[in-house]
Amino acid sequence: MNTRLTLLSSLVVLGAAGCATPSTPATYVAASLAPASGSTVTGTVWFVQESGGMLVVRGEVRGLAPNSEHGFHVHEKGDCSSGDGMSAGGHFNPTAMPHGPQAAPHHAGDLPSIVADASGVARFSVRTSGVVLGGGAGDLAGKGLIVHANPDDYTTQPTGNSGGRIACGVISGVAGRDAAGREQPLPQITM
Ligand code: CU
Ligand code: ZN
């Protein structure tokens, strides 16, 4: 299992080569997004640990309005039970930072907004720091993942003013699987 996982990850990285020196992801976990607040938004997001402390967030989210932009964050609780995403709590913020963009001090859980294409599908692959797999204050295991109705302004505290929560998921702590235990093979999404 581990050998296969490592080989698969290496192949994905090699496939993405051409812009930077490949690094080998140690492992990855997944989150399956389910609709919230009456939306039809679903998706799968993968979190891939890289050497050097960076983490790649790769995903595909469907059911969005065509060409729309949506705030996207890791939230502190892996609880989607309220149906409107509010049970996931506030942004994951283990280092007591303000809300902000990647290029400035920000909550560890602050991610770049996702953008849907004309078909309402957002595909993305971004690097972030401050969150990790496998332990420590920034550990993603069991945290929530939220897609918001509106874009993140990266300024309004502490939320980014990105409106309601239209999809919610729980980030798994088990390599290669989502929080429901389903295998979620890492797709090749390169940007
Ligand atoms: Cu959020
Ligand atoms: Zn935030």
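1. Details of the environment of Val-48
Of note, Val-48 is situated in strand S2 (residues 42–49). Judged by the 22 C-beta atoms lying within 10 Å of it, Val-48 is buried. The spacing of Val-48 and Tyr-28 is 20 residues in sequence and 4.3 Å in space, taken between C-alpha atoms.

2. Side note on the sheet that holds strand S6 (residues 122–128)
Read across the open sheet, the eight strands follow the order S5-S4-S7-S8-S1-S2-S3-S6; overall the sheet is antiparallel. The open sheet terminates on both sides in strands that have one partner only, identified here as strand S5 (110–115) and S6. When the angles between neighbouring strand axes are averaged without regard to direction, this sheet yields 20 degrees.

3. Observations regarding the environment of Val-131
Take Val-131: it is sitting in the loop between S6 and strand S7 (144–148). Judged by the 26 C-beta atoms lying within 10 Å of it, Val-131 is buried. A C-alpha to C-alpha distance of 7.1 Å links Val-131 and Gly-109, two positions 22 residues apart in sequence. In this view, Val-131 contacts Leu-55, Val-74, Ala-108, Gly-109, Gly-138 and Leu-140; residues no more than four positions away in its chain are not counted.

4. Section: the pairing of strand S1 (residues 28–35)
Extensive coverage of S1 is indicated by the burial of six of its eight residues. By the bridge criterion, six bridges tie S1 to S2 in an arrangement that is antiparallel. The partner of Ala-31 across the bridge, within S2, is Val-45. Here S1 pairs with strand S8 (residues 165–170) via two bridges, running antiparallel.

Calculation notes
- Residues numbered from 1 in each chain as written.
- Chains lettered and ligands numbered in written order.
- Predicted model: local features only at pLDDT ≥ 70, side-chain atom pairs only at ≥ 80, totals over all residues.
- Helix = DSSP H or I, 4+ residues; strand = E, 2+ residues; numbered from the N terminus.
- Buried ≥ 20, exposed ≤ 12 C-beta atoms within 10 Å, placed from the backbone.
- Pairing = 2+ DSSP bridges.
- Axes fitted to C-alpha atoms, helices over the stretch in contact; angles between N-to-C directions.
- Contact = placed C-beta atoms within 7 Å.

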